[in-house]
Amino acid sequence: MNLVKKTPVQTWYTGKTIFVTGGSGFMGKVLKAHPQLTTLRSLISFKYLQVLLEKLLYSCSDLERIYVLMRPKRGKSPQTRIDDWLKLPVFKRIREEKPEVYKKLVPIPGDVTSDKLGISAEHEQLLIDTAEVVFHCAATLKLEARLKDAIEMNTIGTKRILDLCLQMKRLKALLHLSTAFCYCDKEVLTEKVHDFHHNPYDLMRTVEWMDEKAIDMITPTLLTPHPNTYTYSKRLAEMLVRDTYSKLRVCIVRPSIVCPANAEPVEGWVDSLNGPVGIMVAGGKGIIRSMLCNGEYNAEVIPVDIAINGLITIAYTLGQMEEMPKEIPVYNITCRETKRTTWKEVLDLGKATAYEYPFEAGVWYPDGDITMNKTYHTICVMLFHWLPAYFIDFLMFCFGQKRFMIRIQNMVSEGLSLLQFFTTRQWDFKSHQYQAIAKHLTPEDNVIFTMDVDAIDTKDYLRRIILGGRQFCMREPLSTLPKARIQLKCLYVLDKVAKAFMLYLMAWLFLTLTGLKAPVYEMLGWA
């Protein structure tokens with residue numbers, strides 16, 4: 001018998017049946033052939049739904065059940081995949097402290113891109129009869145996805161979820177997960193849904209009948225002012241959710257760039273190299289040497305455990321409302337103004353941390369930099385990205401090994417070009433409604449479901465990110481740190497020698513071409 005007194009949030013979740021979309025397979029995974037390969041394409045850094053499931057099971061253990069919409073996968077049943085999750089580091093404390101609650105996690109085969117979510121009539125009725133809280137998080141997060149795919153997943157998929165939720169008999173709260181960057185044309189991003197000159201229903205109909213090549217041709221015109229199909233399709237989805245607000249207890253939640261866990265469930269937990277984690281790892285291995293970024297602008301990132309605590313307490317807040325506000329509630333899960341950190345601060349602290357906890361088998365010494373000068377950036381990319389890539393692949397060819405560096409740089413180049421839209425602009429997020437939630441929680445709930453970003457030490461958090469990427473993504477145990485530090489010293493010497501040789505070569509060419517070689521050599525006594 002559990003004698004520990006429950007907090008108000010835990011009490012509210014007691015006996016609740018929860019339905020979650022996006023728990024499996026919708027975000028980028030680590031490439032296995034070459035672990036250092038990263039597309040850097042995903043704005044939200046990794047598949048964090050497992051963190052949501054773990055937190056609900058661990059801190060709200062008396063909930064009734066969690067149903068997870070899972071795509072079918074060849075060779076593995078949904079239940080087998082759920083069982084495999086328990087072996088992951090993210091579920092470590094569940095394994096060790098509360099293994100019995102894991103049985104409350106139940107898969108429902110389906111896909112948001114399929115008609116009626118692709119679920120059976122039996123499962124559909126089960127959700128209609130029992131679901132009380134819905135977290136709709138499924139989305140394609142590839143910034144460069146084709147418009148048809150993005151709308152099918154992010155917009156039409158949302159419409160299918162809304163249609164199902166409208167039938168639910170016991171629904172208390174529906175949370176639609178969006179992105180803080182879906183209004184790229186606004187200077188100040190407030191917690192409200194803005195009108196848009198495109199009708200989501202027209203776009204959904206268009207992608208159903210129009211040829212894919214024709215859609216690709218009109219995509220650039222349609223996207224303006226959006227930089228990619230992800231933010232565009234998410235904006236359309238928000239309009240669908242807003243239109244259904246009068247019939248549903250629903251809200252919109254917009255996290256900024258989600259980064260590895262600060263404290264829960266495991267310090268530094270991350271399971272893919274997308275987003276900022278990929279940049280840090282690629283930079284730490286000397287693959288990325290230059291990046292277009294304004295160092296004076298704020299790095300709008302949020303630890304995944306803080307974001308998840310926000311989701312859980314927002315659902316509680318929404319479910320507790322006696323009277324719904326006139327406009328749909330929107331919550332920007334972003335850092336408050338007192339905890340803003342610039343990209344330059346992140347780079348400087350990240351470099352220092354990467355030197356202290358280096359990665360294994362780096363390609364070059366990690367001393368890259370950020371700049372807003374496109375000409376200088378282009379020169380750096382040619383000299384320090386492409387030239388070494390061709391040289392390394394040439395050596396691999398000579399030794400009969402598989403070439404990979406040019407492929408890596410192609411992916412890095414594409415990823416950085418996608419991300420520079422977000423790193424070369426100042427974002428002004430207002431999150432008053434989100435920040436107000438903590439004020440209405442008890443001290444106990446503010447400890448269990450902390451959303452206090454101010455309490456996080458930036459340097460310590462960067463250390464956890466780098467060690468997390470090192471251990472969980474690159475599979476480099478801490479026991480290899482002494483070896484990695486020796487490798488880093490060797491790369492440092494190699495870097496200095498190579499730069500000195502390059503400077504000498506450039507000076508020699510200049511003197512030779514200008515006819516100054518003989519007099520300069522004579523002046524230096526080298527003649």
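Residues numbered from 1 in each chain as written. Predicted model: local features only at pLDDT ≥ 70, side-chain atom pairs only at ≥ 80, totals over all residues. Heavy atoms only, no water.

**Describing the pairing of strand β7 (residues 250–255)**
For a regular strand, side chains alternate in direction, first toward one face of the sheet and then toward the other. The buried fraction of β7 is high, at six of six residues. Here β7 shows no split at all, with Val250, Ile252 and Arg254 on one side and Cys251, Val253 and Pro255 on the other all buried. The pairing of strand β5 (residues 173–177) with β7 spans four bridges and is parallel. Bridging from a neighbouring strand, Leu177 pairs with Val253 of β7. Judged from the four bridges that link them, β7 and strand β11 (residues 330–333) form a sheet pairing that is parallel. Residue Arg254 lies in a different strand from β11, and its bridge partner there is Asn332. (Buried < 20%, exposed > 50% of the residue type's maximum accessible area, 1.4 Å probe, protein only. Helix = DSSP H or I, 4+ residues; strand = E, 2+ residues; numbered from the N terminus. Pairing = 2+ DSSP bridges.)

**Looking at the UniProt feature "domain: Fatty acyl-CoA reductase C-terminal" (unreviewed entry) in the chain**
Using the residue numbers shown here, the UniProt feature "domain: Fatty acyl-CoA reductase C-terminal" (unreviewed entry) corresponds to residues 384–476. Within residues 384–476, the helical portion is 69% and the strand portion 2%, while the C-alpha atoms at the span's ends are 25 Å from each other. (UniProt positions renumbered as here; feature names shortened; annotations may be inferred.)

**Quick word on the packing of helix α12 (residues 343–356) against helix α17 (residues 458–473)**
Running from amino to carboxyl end, α12 crosses α17 at an angle of 55°, the nearest separation of the two axes being 9 Å. With respect to each other, α12 and α17 are oriented oblique. The element α12 and its partner α17 pack so that their crossing is right-handed. On the side of α12, the interface is formed by Val346, Leu349, Gly350, Thr353 and Ala354, while α17 contributes Thr458, Lys459, Leu462, Arg463 and Ile466. By residue class, the composition of the contact of α12 with α17 is five nonpolar, three polar and two charged. (Axes fitted to C-alpha atoms, helices over the stretch in contact; angles between N-to-C directions. Parallel < 35°, antiparallel > 145°, perpendicular 65-115°, else oblique. Left-handed = near helix turned anticlockwise from the far one by under 90°. Contact = heavy atoms within 4.5 Å. Nonpolar A, V, L, I, M, F, W, Y, C, P; charged D, E, K, R; others polar.)

**Focus: the sheet that holds β11**
Within the open sheet, the seven strands sit side by side as β3-β2-β1-β4-β5-β7-β11. Their pairing is parallel. In this open sheet, the two strands that pair with only one neighbour each are β3 (105–109) and β11. Strand-to-strand twist of the sheet, defined as the mean angle between neighbouring strand axes without regard to direction, takes the value 20°. Of the strand pairs in this sheet, strand β1 (residues 17–21) and strand β2 (residues 65–70) are connected by five bridges, and their pairing is parallel. Across the sheet, residue Phe19 finds its bridge partner in β2, namely Tyr67.

**Describing empty space enclosed by the protein**
This structure, assessed with the given rule, holds five cavities of 30 Å³ or more. The space that makes up the largest cavity amounts to roughly 770 Å³. Lining the largest cavity are 43 residues, and of these Met280, Trp343, Val346, Leu347 and Leu462 lie nearest its centre. Looking at the lining of the largest cavity, the elements that each hand over two or more residues are β8 (257–259), α10 (276–284), β9 (290–292), β10 (301–303), α12, β12 (369–371), α14 (405–423) and α17. The greatest single-element share of the lining of the largest cavity, amounting to seven residues, is contributed by α12. (1 Å grid on protein atoms, 1.4 Å probe; cavity = no way out; pocket = protein on both sides within 12 Å on 5 of 7 lines; lining within 4 Å. Points joined across faces, edges and corners; volume = space filled by probe spheres on them.)

**A closer look at the pattern of salt bridges**
Side chains bearing opposite charge may pair, as long as their charged atoms lie close to each other. The full count for this structure, using the stated rule, is 33 salt bridges. When the shortest N-O distance is used, the salt bridge between Glu54 and Arg93 registers 2.6 Å. Taken together, the residues Glu54 in helix α2 (residues 49–59) and Arg93 in helix α4 (residues 92–97) connect sequence positions 39 residues apart. Grouping residues by exposure puts Glu54 and Arg93 together as buried. Between Asp163 and Lys159 there is a salt bridge; the shortest N-O distance is 3.0 Å. Taken together, the positions of Asp163 and Lys159, both in helix α6 (residues 147–165) and four residues apart, correspond to about one turn of that helix. A relative accessible area of 33% places Asp163 in the partly exposed class. According to the relative accessible area criterion, Lys159 is partly exposed, its value standing at 26%. Counted as one network, the salt bridges with shared partners bring together Glu54, Lys55, Arg93 and Glu264. (Salt bridge = Lys/Arg side-chain N within 4 Å of Asp/Glu carboxyl O.)

**Considering the confidence of the model for the chain**
For the chain, mean pLDDT is 88; residues scoring 70 or higher make up 94% of the total. The low-confidence segment residues 24–46 (pLDDT under 50) makes 94 contacts with residues lying over four places distant or belonging to another chain. (pLDDT = per-residue confidence, 0-100.)

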